[in-house]
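One letter stands for each residue in the lines below.
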Amino acid sequence: MTTTVTMGEGNTPLVASAHSESLYFKLESCNPSGSYKDRFIAAELTDVLARGSRSCVATSSGNTGSSLAAYCARYGLPCLILVNQDAPEGKLAQMRAHGAIVIRIPQFVTSPKITEAVFSQLREFAESSGAALVVSAFRYCPVGMRAVQGISREIAGQLSNVDHVFVPVGGGGLYSAVVRGFAEEGRMPRVHAVQPEGCPTVLDAYLNSRDDVRAMESTTRISGLSVPFDIDAGLALGLARKHYGMVIGVSDAEVFEAQRLLLRTEGVYAEPAGATAFAGFRKALASGAVGAAERAVCLVTGSGFKDPMSIQEASRGLESPTVSYTDVLSELRRLVQAR
């Protein structure tokens, strides 16, 4: 009997912007472990169990590992997760809390040479041990990634006449899944890839009219989008060109500003990677590449709980006074007047 792995992932809200009648946010941060990766992990672990594997080893910049740890805990599978030593503590704590063994590797997912060396050893370990190798990419785990295409089917059912969809890009798997999902629906908006300029694998090839995706050192601080060589980036590049999607580069500063705006003006609690699509939308709108009346959807891929340091930075400068109980009234009046 096949075990269907699930914790109720999917069917996430599509929320209209509070400030634009034509802008919507797909809140993938509402999945069980806080990111869209739950769609991938649920389907992939269903396949892993069907193949008879009873342990997992994974690479992660954070959210794949967090999701895998949660689902493995539920289904009794031990898992090992390899991460960069600077991965956000919120994600690492989530992995460890679910019982995963987390291994930190300096310069993993920032240096192409080191990243490829780690992948090579991972493949060897998986083959020799019988552990399932879990990487959120069509290249490694196509069964799991096909489940991510459900995002597109949901958007198509939640909103008619979508003109643009903005998707953050690291390895390229999410973007590829969203485009393929819309293609299967027979309703193809323009799907735009938004990538940090500090790790421009797809962006560099797109701007220079190349078909090859070149490895490069990553300098971006946007956790989750630092993938310095081609995993699904070439696939994403080809799909963007085929379906007339733009590839938009954004600075880390633009991403952090987009995160702050989501927090302060939309009430959306997003980590930086989860705000990257919105950063790309703002840039496209400002340049005139997207019209103000055109319907656009931004994917919010991960919760703000994933990266507490970025949330602290976004809240910097806001008062949080400690006052005596006798001074509450005067302090309330002072704060109201100050605003």
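In this report, the structure presented in the accompanying data block is examined. (Residues numbered from 1 in each chain as written. Predicted model: local features only at pLDDT ≥ 70, side-chain atom pairs only at ≥ 80, totals over all residues. Heavy atoms only, no water.)

What about the sheet that holds strand β4 (residues 79-84)?
For step 1, the next point in the chain: Across the sheet, four strands lie side by side as β5-β4-β3-β6; this open sheet has parallel pairing. Only two strands of the sheet have a single partner each, and these edge strands are β5 (101-105) and β6 (132-134). Geometrically, the sheet is characterised by an average inter-axis angle of 20° between neighbouring strands, direction not taken into account.
For step 2, the next point in the chain: With four bridges joining them, strand β3 (residues 56-59) and β4 adopt parallel strand pairing. When the bridges of β4 are listed, Val 57 appears paired with Leu 80.
For step 3, the next point in the chain: Here helix α1 (residues 37-51) sits on the sheet and contacts β3 and β6; the angle it forms with β6, its principal contact strand, is near 170°.
For step 4, the next point in the chain: Seen against the sheet, helix α4 (residues 112-129) touches β3, β4, β5 and β6 and runs at an angle of roughly 170° to β3. (Pairing = 2+ DSSP bridges. Helix = DSSP H or I, 4+ residues; strand = E, 2+ residues; numbered from the N terminus. Axes fitted to C-alpha atoms, helices over the stretch in contact; angles between N-to-C directions. Contact = heavy atoms within 4.5 Å.)

Re the sheet that holds strand β1 (residues 14-16)
For step 1, the next point in the chain: Strand order in the open sheet made by the six strands is β1-β2-β10-β7-β8-β9, with mixed pairing throughout. Strand pairing shows two members of the sheet lacking a second neighbour, β1 and β9 (247-250), which therefore form its edges. Averaged over neighbouring strand pairs, the angle between their axes works out to 25° when direction is ignored.
For step 2, the next point in the chain: Of the strand pairs in this sheet, strand β7 (residues 164-168) and strand β10 (residues 296-300) are connected by three bridges, and their pairing is parallel.

Some remarks on the environment of Ala 286
For step 1, the next point in the chain: Counting through the fold element by element, Ala 286 comes out in helix α11 (residues 272-287).
For step 2, the next point in the chain: Measuring from C-alpha to C-alpha, the distance between Ala 286 and Phe 182 comes to 26 Å, with 104 residues separating the pair along the chain.

A look at the pattern of salt bridges
For step 1, the next point in the chain: Counted by the stated rule, this structure contains 20 salt bridges.
For step 2, the next point in the chain: Between Arg 39 and Glu 154 there is a salt bridge, and its shortest N-O distance comes to 2.8 Å. Of this pair, Arg 39 sits in helix α1 while Glu 154 sits in helix α6 (residues 150-158), placing them 115 residues apart in sequence.
For step 3, the next point in the chain: Taking relative accessible area as the criterion, Glu 154 reaches 14% and is therefore assigned buried.
For step 4, the next point in the chain: One salt bridge connects Glu 116 with Arg 123, and the closest N-O pair in it is separated by 3.0 Å. (Salt bridge = Lys/Arg side-chain N within 4 Å of Asp/Glu carboxyl O. Buried < 20%, exposed > 50% of the residue type's maximum accessible area, 1.4 Å probe, protein only.)

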